[in-house]
Each structure stands twice: as C-alpha cells, then as structure tokens.
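Residue-level structure breakdown
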Amino acid sequence: MAIKKVAFVVDKLPYKTETSRLALTHAISSQTVEIHLEDGENITPVLAFIGEGVLNCIKGQKASDMYGITSLESHIKNALLTDIRTLICAEDVKRFGLSNDALIMDAEDIGADMVSEIVPFDEIMEEMNTADHILFF
Amino acid sequence: MSKLTIGCFSSLVGSMTTDFVVKLAEAARKKGHDVDIWLSGNGTMLSKKGQRSFKDYSSLEKTIKDLVTGGVNVVACEACAEARGFHKEDLIDGFGRKSMDWYLASCFSADRVLQIGGE
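In this numbering scheme, every chain counts its residues from 1 along its sequence in written order. Chain A is the first chain written and ligand 1 is the first ligand written, with later ones labelled in order. Given that this is a predicted model, residues contribute local features only at a pLDDT of at least 70 and side-chain atom pairs are listed and counted only at 80 or more, while totals for whole chains, interfaces and linings are drawn from all residues. Hydrogens and waters are ignored; side-chain quantities use all the structure's heavy atoms.

1. Points about the overall build of chain A
- Scanning chain A from N- to C-terminus turns up five helices and five strands.
- The secondary structure listing takes helices from DSSP runs of H or I that are at least 4 residues long and strands from runs of E that are at least 2 residues long, numbered from the N terminus. From first element to last, N terminus to C terminus, chain A shows the α and β order β-α-β-α-α-β-α-β-α-β.
- The reference for a compact globule is 2.2 Å times residues^0.38; the radius of gyration itself is calculated from the C-alpha atoms. For 137 residues, the compact-globule estimate of 2.2 N^0.38 gives 14 Å, and the C-alpha radius of gyration of chain A, at 15 Å, lies within 12% of that figure.
- By principal-axis analysis of the C-alpha atoms, chain A measures approximately 45 × 35 × 30 Å.
- Within chain A, the fraction of its 137 residues that count as buried is 47%.
- Here, residues are in contact when the closest pair of their heavy atoms is within 4.5 Å. Here the analysis covers contacts within chain A between residues at least 6 apart in sequence; of these, 78% occur between residues at least 24 apart.
- We get accessible surface area from the Shrake-Rupley algorithm with a probe of 1.4 Å; when it comes to residues, only the shown protein chains can shield them. Carbon and sulfur atoms provide 51% of the accessible area of chain A, an area that totals close to 6700 Å². Any residue under 20% of the maximum accessible area for its type is buried, any over 50% is exposed, and the rest in between are partly exposed; the area is computed with a 1.4 Å probe on protein chains only.

Next up, the structure:
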C-alpha cells in the first residue's frame, strides 16, 4: 500500500489572482485521485497557508455577493469537510494582526469534523520536509 | 529513467515561464526521462490550437506538438480551459483534457514534481 503526501503551500493573496483558488481545488481533487491509481495507492494532502497566503483564511468572505463567484472561505470549508489537514502559519497570523476569531477555524456549519490549526512555521516546515512532493501556489 | 511531472500555471503570452516549461520538458525528454505536463489556470492557453506566430511573442505550438509526438504527455485542466472559452474542439491534437485529480495521480508516480508559474 503506497500513500504519498503532497503539501499544498499557499503564499499568494486571495482574489488578486486565481492561484490560491487553484491550490484549494487541486487539494480537494485528491478526494477522487484514486480513480487514476492502483488499488492501495492514494494521496494524503496537507494544506498550509503562509505569508500573505494566511489572508485567504479570513472568515466572512463575500465573494458571492461582490463577484458572483464561490468564496475561498467555502473552498477552505470544503477542504476541512474532506478531512484535509489545514495549517495556518502562526507567525504570519500575528504579523498581520489577525486574531484567531477572524480566521476560518472550522466548518461545523457544513458538518466537518476537521478543524484548521494555527501552528508555528517550524511545524509547516516539518510537513514540507516529510512530504513526497510540495506544490507552491 | 525517471519521471518528471511539471505543473504549468503561467500564461503562454505575457511571461517567459511557459517557454521555460517547454524547454525543460524538451531537455528532460532528450535525457530519456518520462515527462508529464499539466496545464492549469492561464497555462491552458498553451493547449489551444491555431496559435499565430509573432516575432514579439513566444510561439510554442510546433515545439510542444513535437514533444507530444516524442512521448511527452500534455494535459490541460478541463475546467480551467472551459472557463476561458477553450473547448474540446480547440485542443491541439494529441493533448489531453482532464480533471485536476489527473495531475495529482501524475505527481504520485513522479520522481520529481516541478510546479511552475501561478501569477
């Protein structure tokens, strides 16, 4: 049985470009990757927001109202719903003066058990060090 | 022989990043490596046939077609392409169009993954 860990590391701003959105949609697509793989093979995604990327995690996004598109908040919640480990860099949260209350920490409203974790950058580095592949967005 | 998977997220016109992707794929193939190229976001522009060559812009259609003939797999994200008005009939012969999970599956079997671009 082969499981490979892929780290999706997001350091781009939300909405300025589609890059962080693509990080989320690619990470969530790991839910169906098995159809392309052999029995017993799979991918374990881990999602990490660093630098300006932590701004993707601010809750209360109104993308649907303002732009008529799905919000990155809804994608992050879908990532949690699909049990994707989601890490937010604590140092960068502090740097931007954000409180934990301002961030998407869970997706209980859609039935997710997984919660976001605000962790030191060292922990994110550890995830990257143990990943088979790192995809920067 | 190893397998290289390249995720290309940068546009064909407006940056030289896609040129780098194609040159890298060409070099890897010449060394005998397997190469998958995933085109996502603005990178899907590379998959559209009928590109007109101007001296001010890169023209990669012939090069990428030769790479496909030589065994490189080039697959564009279907959703990203459709969102940009690139339909199945616009696809360069020999290219694929798949969903994002194809890229992750390619990553699974790759020895190295290079994610390039993303403005």
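2. Quick look at a negative patch on the surface
All names here are of chain A.
- Residues enter patches when their relative accessible area tops 30% and they take part in no salt bridge; the joining distance is 9 Å for like charges and 5 Å for the nonpolar side chains Val, Leu, Ile, Met, Phe, Trp and Tyr. In the sections that follow, a salt bridge refers to a side-chain nitrogen of Lys or Arg positioned within 4 Å of a carboxyl oxygen of Asp or Glu. The charge count includes Lys and Arg as positive and Asp and Glu as negative, but it does not include His or the ends of the chains. All charge positions are set by atom: Lys at NZ, Arg at CZ, Asp at CG, Glu at CD. Where like charges cluster on the molecular surface, the negative patch consists of Asp83, Asp106, Glu108 and Asp113.
- Note on placement: Asp106 falls in the loop between helix H4 (90-95) and strand S4 (117-119).
- Looking at Asp106, the relative accessible area reads 31%, which means it is partly exposed.

3. Considerations on the interface of chain A and chain B
- Contacts between the two partners involve 24 residues from chain A and, on the opposite side, 22 residues from chain B.
- Interface area, chain A with chain B, both sides summed: about 1800 Å², of which 67% is carbon and sulfur.
- Once two parts are joined, some of their accessible surface, as seen by a 1.4 Å probe, is lost; buried area is that loss totalled over both. Per-residue buried area on chain A facing chain B is highest for A:His26, A:His36 and A:His133; these three make up 29% of the total on that side.
- Inspection of the chain A/chain B interface yields one salt bridge.

4. Quick notes on the nonpolar core
- Counting residues in hydrophobic clusters, the biggest one holds 51 residues, and the most contacted among them are A:Phe8, A:Leu47, A:Phe49, A:Ile124, A:Leu135, B:Trp38 and B:Tyr103.
- Elements that contribute at least two residues to this core include exactly strand S1 (3-10), helix H1 (19-28), strand S2 (42-49), helix H3 (72-81), strand S3 (85-89) and helix H5 (121-129) of chain A together with strand S3 (73-77) and helix H4 (100-109) of chain B.
- Ranked by residues supplied to this core, first place goes to H4(B) with seven residues.
- Every residue in contact with A:Leu47, bar those within four places of it in the chain, is listed here: A:Phe8, A:Val10, A:Leu24, A:Ala79, A:Ile84, A:Arg85, A:Thr86 and A:Leu87. Residue types Ala, Val, Leu, Ile, Met, Phe, Trp, Tyr and Cys, when buried and joined through side-chain atoms within 4.5 Å, form a set referred to as a nonpolar core.

5. Considering unusual backbone geometry
- In the Ramachandran plot, A:Tyr15 falls in the positive-phi region, its phi being about 70° despite a non-glycine side chain.
- With relative accessibility at 29%, the residue A:Tyr15 sits in the partly exposed group.

6. What to know about the environment of A:Ile50
- By secondary structure assignment, the location of A:Ile50 is in the loop between S2 and helix H2 (63-67).
- Along the backbone, A:Ile50 and A:Val10 are 40 residues apart, and their C-alpha atoms lie at a distance of 6.1 Å.

7. Overview of the sheet that holds S3(A)
Residue and element names in this part refer to chain A.
- Spatial ordering of the open sheet is given by S4-S3-S2-S1-S5, a layout of five strands whose pairing is parallel. Two strands in the sheet have a free side with no partner beyond their single neighbour: S4 and strand S5 (133-136). Direction aside, the axes of adjacent strands within the sheet are offset by 25° on average.
- Here the rule is simple: two strands pair whenever DSSP picks up at least two bridges between them. The pairing of S2 with S3 spans four bridges and is classified as parallel. Throughout, an axis means a line fitted to C-alpha atoms (over the contacting stretch in the case of helices), and angles, computed between N-to-C directions, take values from 0 to 180 degrees.

8. Notes on H3(A)
- Taken across its 10 residues, H3(A) has seven buried, putting it largely inside the fold.
- Where H3(A) is buried, its residues touch H1, S2 and S3 of chain A.

9. Quick look at a nonpolar patch on the surface
- Together, A:Met66, A:Tyr67 and A:Ile69 give the surface a local cluster of nonpolar side chains, amounting to about 370 Å² of exposed area.
- For A:Met66, a relative accessible area of 64% puts it in the exposed group.

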